[in-house]
Protein chains: 6
Amino acid sequence: MTKNLPTLSPLLVQDAVRAALIEDLGRAGDVTTEATIPAGAIARASISAREHGVIAGLPLARDAFLAMDVSVAFEARLSDGDAVVAGDCVARINGPARAMLSSERVALNFLGHLSGVASLTAQYVKRVAHTKAKICDTRKTTPGLRVLEKYAVRCGGGANHRFGLDDAVLIKDNHIAVAGGVAAALRAAKAHVGHLTKIEIEVDTIAQLREVLTEGADAVLLDNMSASQLREAVALISGCFPCEASGGVTLETVAEIAETGVDVISVGALTHSARTLDLGLDIEIF
Amino acid sequence: MTKNLPTLSPLLVQDAVRAALIEDLGRAGDVTTEATIPAGAIARASISAREHGVIAGLPLARDAFLAMDVSVAFEARLSDGDAVVAGDCVARINGPARAMLSSERVALNFLGHLSGVASLTAQYVKRVAHTKAKICDTRKTTPGLRVLEKYAVRCGGGANHRFGLDDAVLIKDNHIAVAGGVAAALRAAKAHVGHLTKIEIEVDTIAQLREVLTEGADAVLLDNMSASQLREAVALISGCFPCEASGGVTLETVAEIAETGVDVISVGALTHSARTLDLGLDIEIF
Amino acid sequence: MTKNLPTLSPLLVQDAVRAALIEDLGRAGDVTTEATIPAGAIARASISAREHGVIAGLPLARDAFLAMDVSVAFEARLSDGDAVVAGDCVARINGPARAMLSSERVALNFLGHLSGVASLTAQYVKRVAHTKAKICDTRKTTPGLRVLEKYAVRCGGGANHRFGLDDAVLIKDNHIAVAGGVAAALRAAKAHVGHLTKIEIEVDTIAQLREVLTEGADAVLLDNMSASQLREAVALISGCFPCEASGGVTLETVAEIAETGVDVISVGALTHSARTLDLGLDIEIF
Amino acid sequence: MTKNLPTLSPLLVQDAVRAALIEDLGRAGDVTTEATIPAGAIARASISAREHGVIAGLPLARDAFLAMDVSVAFEARLSDGDAVVAGDCVARINGPARAMLSSERVALNFLGHLSGVASLTAQYVKRVAHTKAKICDTRKTTPGLRVLEKYAVRCGGGANHRFGLDDAVLIKDNHIAVAGGVAAALRAAKAHVGHLTKIEIEVDTIAQLREVLTEGADAVLLDNMSASQLREAVALISGCFPCEASGGVTLETVAEIAETGVDVISVGALTHSARTLDLGLDIEIF
Amino acid sequence: MTKNLPTLSPLLVQDAVRAALIEDLGRAGDVTTEATIPAGAIARASISAREHGVIAGLPLARDAFLAMDVSVAFEARLSDGDAVVAGDCVARINGPARAMLSSERVALNFLGHLSGVASLTAQYVKRVAHTKAKICDTRKTTPGLRVLEKYAVRCGGGANHRFGLDDAVLIKDNHIAVAGGVAAALRAAKAHVGHLTKIEIEVDTIAQLREVLTEGADAVLLDNMSASQLREAVALISGCFPCEASGGVTLETVAEIAETGVDVISVGALTHSARTLDLGLDIEIF
Amino acid sequence: MTKNLPTLSPLLVQDAVRAALIEDLGRAGDVTTEATIPAGAIARASISAREHGVIAGLPLARDAFLAMDVSVAFEARLSDGDAVVAGDCVARINGPARAMLSSERVALNFLGHLSGVASLTAQYVKRVAHTKAKICDTRKTTPGLRVLEKYAVRCGGGANHRFGLDDAVLIKDNHIAVAGGVAAALRAAKAHVGHLTKIEIEVDTIAQLREVLTEGADAVLLDNMSASQLREAVALISGCFPCEASGGVTLETVAEIAETGVDVISVGALTHSARTLDLGLDIEIF
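Residues numbered from 1 in each chain as written. Chains lettered and ligands numbered in written order. Predicted model: local features only at pLDDT ≥ 70, side-chain atom pairs only at ≥ 80, totals over all residues. Heavy atoms only, no water.

Draft legend 1. Representation of the overall build of chain A in the model. For chain A, the helix and strand inventory stands at 11 helices and 12 strands. With respect to the three principal axes, the spread of C-alpha positions in chain A is 75 × 35 × 25 Å. Across the 286 residues that make up chain A, the buried fraction comes to 64%. A sequence separation of at least 24 residues applies to 71% of the contacts in chain A between residues at least 6 apart. In the structure as shown, chain A presents an accessible area of about 9700 Å², 51% of it carried by carbon and sulfur atoms. (Helix = DSSP H or I, 4+ residues; strand = E, 2+ residues; numbered from the N terminus. Buried < 20%, exposed > 50% of the residue type's maximum accessible area, 1.4 Å probe, protein only. Contact = heavy atoms within 4.5 Å. Areas by Shrake-Rupley, 256 points an atom, 1.4 Å probe, with all protein chains shown as cover.)

If you want it as structure tokens, here you go:
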């Protein structure tokens, strides 16, 4: 893979893993393992894919095992962003059996969820590979997991939209309505923000788009437009700024949307409706 | 509704909402709203369903608005666990426009995600309504959201499995292998836990099941068995303890599995692969 | 020792120790040690018992020293659950004198408190050793220390009751009163909980017990019954489910209660009224 | 009562109560109450003493009920520091039955533990009432509860020693040994600390005490001295600075120690070995 | 004032105030006030300016009093961003004397520090009022206070630069060196970030600036250039993108820099070297 | 250096650094470095002084680099409390270039701020070096940084006043007014606090001071007195207890105040108005 993935901060990884382990261990800990596995038992295991997709979340899986016992050896056989088919070995693990069994579910929950996001992203990306369009996420993420899910989108070949309400302006219909129209809203935004904050505005009609072109913006979001409207919009914009299509994007419709020439297609489903990637941990020997 | 739903602890709701708001507001807050919406503006809005399903998460949605401004009035028109069809009004909101717009996404992210879990659960529940089988969740939940997702499963008519590694024993194949067989594992577990902890054991074969029947347990998990194997197992168990089927359960196969007479069917997909329920917030007037 | 003790999660140990050190160090830290002990001084010390009892809490004591300075060597000479008499060496410590002196009180506070719980438990356990009864804790624990205190009960040879309100049903007199009687309460509970949650019910009279036997439960709590009532109850139950005695249990009365044939005797005093075990840290050389 | 008690900071009370409730509610919450008590049920209850002692912790008990449901009315009938005898009503509570039952144990655990500390303190205080000696706590507190336990000591009529390692210097034998003697240690401490930090030093012998008198200190701790040694020490000190006796203080010995004329007697048992005060919550009507 | 100030999130204000109060109250709380002020005493006070400047931080001051006692009435007489001269009344406070005295220092520490930042910013802004240049902050903020200090810069009439490493790209000399030059660095950045992230690049020479103009960027930072270099740069850029001057900016030099025509002047001193604004709280009556 | 500096607790350092890194990295992390610096790049850098002053904060700077990547080698060339002149090398750093660049600002923000406090303190200390007066801080610290700033004051040769409201009594004018005068306030304080808490009282007049001398106190604060008043006060006190001058102390006036014979001069400016010390990190080679 040659993807230039973002680095997950070690502070973030530690906090997320720690919270998930505490959530799973509860107060009394892994009573099953304590009852049935001797304290000194050593095991060797592997995590493997049970279907095809794209891997994301290996630093979290690794950290889940190490947080329970620093003597676990976790050897990733692939990197985040790598494609897998059923049967591929993702990682090999060696160490105390108790720690391994107690961490397994947390490791797989992170890896399955994030790989699910990456894999769905990769499907969208593939459908638009013949165009210049980038597939992009939204703020429709699972509460508490935004940074991790946006990382997974990158692993799947997608791009990131805003990380939150604060790192760019995105003027939507309600803002336009209250501000008194497209031009007024854009002027208010420009007056409000510093020189390193981009301003994007959502438009529903070609008429609104013309106002944006007159007033100027850093990007425009073409919301719920038909393919022919999108094409008209792209022609009008003519490269002045990036244009983003959103609304009703599915794996079936995304190629047609991309072929209109838009720069970015944002897809809420990447993060709010991805199913898990099926991965399993198999103990090989004790 | 006659569902007897669990109460979400106010402490949990506050913490989850607070974390999600901080995640979305980032450092600089909602710069778009600050730039375009006057500080004193008042708005009225409604949250409505855009497809059919089951609602879950209203306490979190309410809290998201109130955490930003205590003067927001949030009136739920339905209760968690209620079914909706497209167009149904879920809640009405009245108050400061800035707070409303800044909280909207967090409120909808919780409501959409949890309603998605409830709705998928309800579909499974409906498929087995002609049997005595209960649909049940697993520990394959989204990291950080286990309690909320298990609550949503209840809203959808499902039942809850263990909340974590500590509140019941579930002896799986690896535990059996190390412990030296079914009987040895069960004996070890009984010796280890107190009188208020149930012990369930996973079996793959009828032979293993016979060992369980001899040794005694509180429940048995029949893993990846065919319908005919399940029927044989149910006959053998003959009501001695609840039996749970798991593995490869889908909306297509669940009815056949339920018809074998098992008591519980556990479905990881309820929490790891539900897509969001499509809900929208529409500002009605400013 | 052949006790199969639960594992204290390293995450829990770290958090508890860290909070206790911060509580003791305050803002300005150990001003006495800074003033009087040179930064490079090395010391060797031992922790020893000054009375007989049972040790619990060594992982916390170790972590207290290491949290202040990772170069401290902490060598436990005994294990949690081991009995001691006055003079026994519990652990030897070697390393920077400043860290050792600054951590000493936190280490001893944990070790003394938890060993106190373990030691009191061991006294109760010894009194009933000629019976089958298990000595069990309650939810009457010191706020913030429940998991640690329940671990100490195990170190003393006792068993654990519920860890909280969520991991089993325990129907008490008030619940019965509102639910409309023993049978109604049991039916409500069975309808409410999943297949891995046990249901225990408290009864004050033989009449109530008969209702429980008719309706079925996972365990029964015989509250404040005399020895003769307990004997009658045990005879009636006849092994259908475990029975627990509680109320007014003291070191003087516990043997008589155990001799009635009850399975479990729960004792609030184990955690709410244990006095500390007297342990001391002696610096041997600087 | 005319005791001038310290104020418990509302921030501290909220944090302590919140943590204790989360500890008890776990993930699934109070499943028994949810199953058996209707959501709208209202109850009236009272907390009463079942033995004599001194009350401490009412703000925590109140907050425990309110944290679960702000509509609970909690009416304290006594104040912290008040004496009770068996049967005395401590507080009356009125409100939603579910919240009341779910908070009961946390409220009683705080109230019982802190009242236990206050009651034991009061016993010591009473034994020395005919002398000028103050009964004082130590740093031998339960981890996580130091501020609350020291508050309870005040409720029982005792005084507070250091709250931690940072708010005063207390030079002990090990510090003296390394620093090179009493005089050297005192000089090092005086050079190190600011003008608002007191310096106390522990001495085991009259010879050491003479050195302290020569060098000067703010207080002296007479450790493990016999009554006759204490008397000699008091005579020597002759009011130059407060003197504190410690070591082997029990309810049996404390009067004799006090009668030697020492100013302060510090007793670790106040906080590390107090048993709970027996208090009960009785539901009166639903 | 017509400044459109950002809203401080109530979550942020609560957390910051709570942490500061805990820092000041320590374990034992305000012992002086407890000893000398009766519990029921009521006081009236006012906060007033003792020198001229610009106010920032009123929401924090208000919250500091309310966090200690919700019955305190805090009436702001001015708004954040308002100018004051010595003697101006900033706020009036009425309520329990104990809470007022215990919160006073925290309230004033926030108000003094943030008003200090606002006041220094206002001085810079005034010096460049005859130009189009905006005065802008940097990431050289006090650890833990970045959002609050950047808010104070806005109160003083300044603009905000990046809030952190993540909300815009700023390519500095070291990045350029490793990336292989200006053009290569810009290309790498464009390939890496999404469509809502701006890219600014720092240049030291006119030659580098020419490369930027060829390659394209969203903004350029002219580092440590003389006034004549800045003028040359501004002429070259000719409005293609905003240009920012930084390095060695003082109250003495800022006007000359602004007169070169740069759009933005960033000043680390605004946040790392502002002195407090002198404000006092005077109790008027008890 | 022979200063006996306090030890910064590793727990405090870790928490402060972690919070500051999270504040700077935000959600998406250091996007610039990710885009332009290869993952494997190694760099060597040094931190050096760009003006003269006193260094404070090296443990925080070190920890900032290590928290991002444990393989960074941080070699301090000086110690906290050491004086520097422009050009002096403070530390050398070697390791992964990405971690180094991402941590740089946090490390410098701590080091610059704390060294600024230390340097300003050192200036005050130098001005009074011919007297016995100690320069002392106040509670006028930056919210969240009190312990670190008070540590920096020590690095600069100053002494520490109270760390908070709880570790000593300081009776001010408002307390005196309500308590009913100097004598009444002192008596109330003595009755309230334990034997290890010092009591200081603020006086504005010689008449008040006479009352203090009659009643007794541990220290007196002479507030806003002229040099001649201070001299009169010092003569009256005649060494009975330490006396502290405060109010209107500047670098210009401090020597004259010190020459009056006061023991301590407290200066709010040390912590609320110090400007940063100019330090830079230069990458030497990649």
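Draft legend 2. Region of the structure containing the interface of chain D and chain B. Opposite the 11 residues of chain D that make contact, chain B presents 13 residues. The largest contributions to the chain D side of the interface with chain B come from Arg18(D), Arg27(D) and Glu34(D), which together make up 60% of the buried area. One can count 3 salt bridges joining chain D with chain B. Its salt-bridge partner being Asp166(B), residue Arg27(D) comes within 2.4 Å of it at the nearest N-O pair. The tally of links between chain D and chain B comes to 6 residue pairs in polar contact (both at pLDDT 80 or more). (Buried area = accessible area lost by both parts, 1.4 Å probe. Salt bridge = Lys/Arg side-chain N within 4 Å of Asp/Glu carboxyl O. Polar contact = N/O pair within 3.5 Å; in protein donor to acceptor, adjacent residues only side chain to side chain.)

Draft legend 3. Broad picture of the pattern of salt bridges. Inspection of the entire model under this criterion finds 84 salt bridges over all chains. Among the ionic pairs, Glu215(A) bridges to Arg187(A), the shortest N-O distance being 3.3 Å. A residue pair is termed long-range when its members are at least 10 positions apart, and Glu215(A) in helix 8 (residues 206–215) and Arg187(A) in helix 7 (residues 182–192) qualify at 28 residues. A salt bridge links Glu284(D) to Arg44(D), with the nearest nitrogen and oxygen atoms 3.4 Å apart. Of this pair, Glu284(D) sits in strand 12 (residues 279–285) while Arg44(D) sits in strand 1 (residues 42–49), placing them 240 residues apart in sequence. By relative accessible area, which is 32% here, Glu284(D) ends up partly exposed.

Draft legend 4. Quick peek at the interface of chain A and chain B. On the side of chain B, 56 residues touch chain A, which itself brings 56 residues to the contact. Across the interface of chain A and chain B, roughly 4600 Å² is buried in total on both sides, 60% from carbon and sulfur atoms. When residues of chain A are sorted by the area they lose upon contact with chain B, Glu23(A), Pro143(A) and Leu165(A) head the list and together hold 14% of the total. Applying the counting criterion to the chain A and chain B interface returns 4 salt bridges. Salt-bridge contacts for Arg146(B) lead to Asp24(A); the nearest nitrogen and oxygen are separated by 2.4 Å. Connecting chain A to chain B are 34 residue pairs in polar contact (both at pLDDT 80 or more). When residues of the side of chain A that touches chain B are traced back to their parent elements, those giving at least two are helix 1 (10–25), helix 2 (31–36), helix 4 (97–127), helix 5 (146–155), strand 7 (169–171), helix 6 (173–179) and helix 7 of chain A.

Draft legend 5. Structural view of the sheet that holds strand 7 (residues 169–171) of chain F. All names here are of chain F. Pairing is parallel across the open sheet formed by 6 strands, whose spatial order is 6-11-10-9-8-7. The open sheet has two edge strands with one neighbour each: strand 6 (134–136) and strand 7. Strand-to-strand twist across the sheet, computed as the mean angle between neighbouring axes with direction ignored, equals 25 degrees. Pairing of strand 7 with strand 8 (residues 199–203), which is carried by 3 bridges, proceeds in the parallel orientation. Counterpart to Leu170 in the pairing with strand 8 is Glu200. (Pairing = 2+ DSSP bridges. Axes fitted to C-alpha atoms, helices over the stretch in contact; angles between N-to-C directions.)

Draft legend 6. The arrangement of the domain arrangement of chain A in detail. Residues and elements named next belong to chain A. Partitioning chain A into structural domains gives domain 1 (10–118 + 274–285) and domain 2 (126–272). Between the C-alpha centres of domain 1 and domain 2 the distance comes to 36 Å. Of the residues lining the interface, 15 residues belong to domain 1; the matching set on domain 2 comes to 14 residues. In this assembly, domain 1 and domain 2 are joined by 0 salt bridges. Summed over the shared surface of domain 1 and domain 2, the result is 3 residue pairs in polar contact (both at pLDDT 80 or more). Put simply, the parts of the chain that give the side of domain 1 that touches domain 2 at least two residues each are helix 1 and helix 4. Top element by residues in the side of domain 1 that touches domain 2 is helix 4. It accounts for 5 residues. (Domains from an automatic or database assignment.)

Draft legend 7. Representation of the relation of the copies chain A and chain B within the structure. Superposition record for chain A on chain B: RMSD 0.0 Å, screw rotation 180 degrees, translation along axis 0.0 Å. Taken together, the rotation and translation relating the two chain copies correspond to the operation of a two-fold axis. A share of 100% of the interface residues of chain A reappears at the interface of chain B, consistent with the copies meeting face to face through the same patch. (Least-squares fit on C-alpha atoms with pLDDT ≥ 70 in both.)

Draft legend 8. Layout of the relation of the copies chain D and chain B. Overlaying chain D with chain B gives an RMSD of 0.0 Å, the required rotation being 120 degrees about an axis along which the chain moves by 0.1 Å. Both copies are brought into coincidence by an operation consistent with a three-fold rotation axis. Relative to the rotation axis, the closest C-alpha in chain D is found at Asp15(D), a distance of 7.4 Å.

Draft legend 9. A look at the confidence of the model for chain A. The pLDDT averaged across chain A works out to 96; a share of 99% of its residues lies at or above 70. The ipTM assigned to the predicted complex is 0.96, against a pTM of 0.97. (pLDDT = per-residue confidence, 0-100.)

Draft legend 10. Representation of the packing of aromatic side chains within the structure. Applying the stated criterion across every chain yields a total of 6 aromatic pairs over all chains. Of note, Lys150(D) hangs over the ring of Phe163(D), and the distance from its end group to the ring centre comes to 5.3 Å. (Phe/Tyr/Trp six-rings, centres within 6.5 Å; stacked < 30°, edge-to-face > 60°. Lys NZ or Arg CZ within 6 Å of the ring centre and 35° of its normal.)

Draft legend 11. A look at the packing of helix 7 (residues 182–192) of chain E against helix 8 (residues 206–215) of chain E. Residues and elements named next belong to chain E. Across the interface, helix 7 lies against helix 8 with an axial gap of 9 Å and an inter-helix angle of 40 degrees. With respect to their mutual orientation, helix 7 and helix 8 come out oblique. In the packing of helix 7 onto helix 8, the handedness of the crossing is right-handed. For the pair helix 7 and helix 8, contact is made by Val182, Ala183, Leu186, Arg187 and Lys190 and by Gln208, Glu211, Val212 and Glu215, respectively. (Parallel < 35°, antiparallel > 145°, perpendicular 65-115°, else oblique. Left-handed = near helix turned anticlockwise from the far one by under 90°.)

Draft legend 12. The pairing of strand 5 (residues 89–96) of chain E, seen in detail. Residues and elements named next belong to chain E. Judged from the 7 bridges that link them, strand 1 (residues 42–49) and strand 5 form a sheet pairing that is antiparallel. If you follow Ala43 over to strand 5, its bridge partner there is Gly95. As judged from the 4 bridges shared by strand 3 (residues 73–76) and strand 5, these two strands associate in the antiparallel manner. Of the residues in strand 5, the one forming a bridge with Ala73 is Asn94.

Draft legend 13. Up close: the sheet that holds strand 11 (residues 264–266) of chain D. All names here are of chain D. In space, the 6 strands of this open sheet follow the order 6-11-10-9-8-7, with parallel pairing throughout. Because the sheet does not close on itself, it has two edges, and the strands there are strand 6 (134–136) and strand 7 (169–171). Here the average twist between neighbouring strands, direction ignored, is 25 degrees. Pairing analysis gives 3 bridges linking strand 10 (residues 243–246) to strand 11, with the strands arranged parallel. Residue pairing across strands places Glu244 opposite Val264, the latter belonging to strand 11. Across the sheet, helix 7 (residues 182–192) is in contact with strand 7 and strand 8 (199–203); its angle to strand 8 comes to roughly 165 degrees.

Draft legend 14. View of helix 9 (residues 227–237) of chain A. Residues and elements named next belong to chain A. If you check which residues of helix 9 are buried, you get Ala227, Leu230, Ala233, Val234 and Ile237. Buried residues of helix 9, seen end-on, are gathered within an arc of 115 degrees and therefore sit on one face of the element. Structurally, helix 9 contributes buried residues whose contacts are with helix 8, strand 9 (219–223), strand 10 (243–246) and helix 10 (254–258). A positive backbone phi angle near 55 degrees is found at Ser238, which sits one or two residues after helix 9. (Arc of directions from axis to C-beta.)

Draft legend 15. Representation of the environment of Val220(C). Tracing the backbone shows Val220(C) in strand 9 (residues 219–223). Taking C-alpha positions, Val220(C) is 8.0 Å from Leu209(C), a pair spaced 11 residues apart along the chain.

Draft legend 16. The arrangement of the side chain of Glu149(E) in detail. All names here are of chain E. In this fold, Glu149 is placed in helix 5 (residues 146–155). Buried charged residue Glu149 carries no salt bridge. Nearest counter-charge: Arg146, at 6.9 Å. Here Thr142 takes part through its side chain, which lies 2.5 Å from a polar atom of the side chain of Glu149. Residues in contact with Glu149, not counting those within four places in the same chain, are His113, Leu114, Val117, Thr141, Thr142 and Thr271. (Lys, Arg positive; Asp, Glu negative; His and termini not counted.)

Draft legend 17. Seen up close, the pairing of strand 10 (residues 243–246) of chain B. Residues Cys243(B) and Ala245(B) line one face of strand 10 of chain B and the alternating positions Glu244(B) and Ser246(B) line the opposite face, and both faces are buried. Traced from strand 9 (residues 219–223) of chain B through helix 9 (residues 227–237) of chain B to strand 10 of chain B, the parallel crossover comes out right-handed. (Right-handed = clockwise from strand over helix to strand, strands pointing away.)

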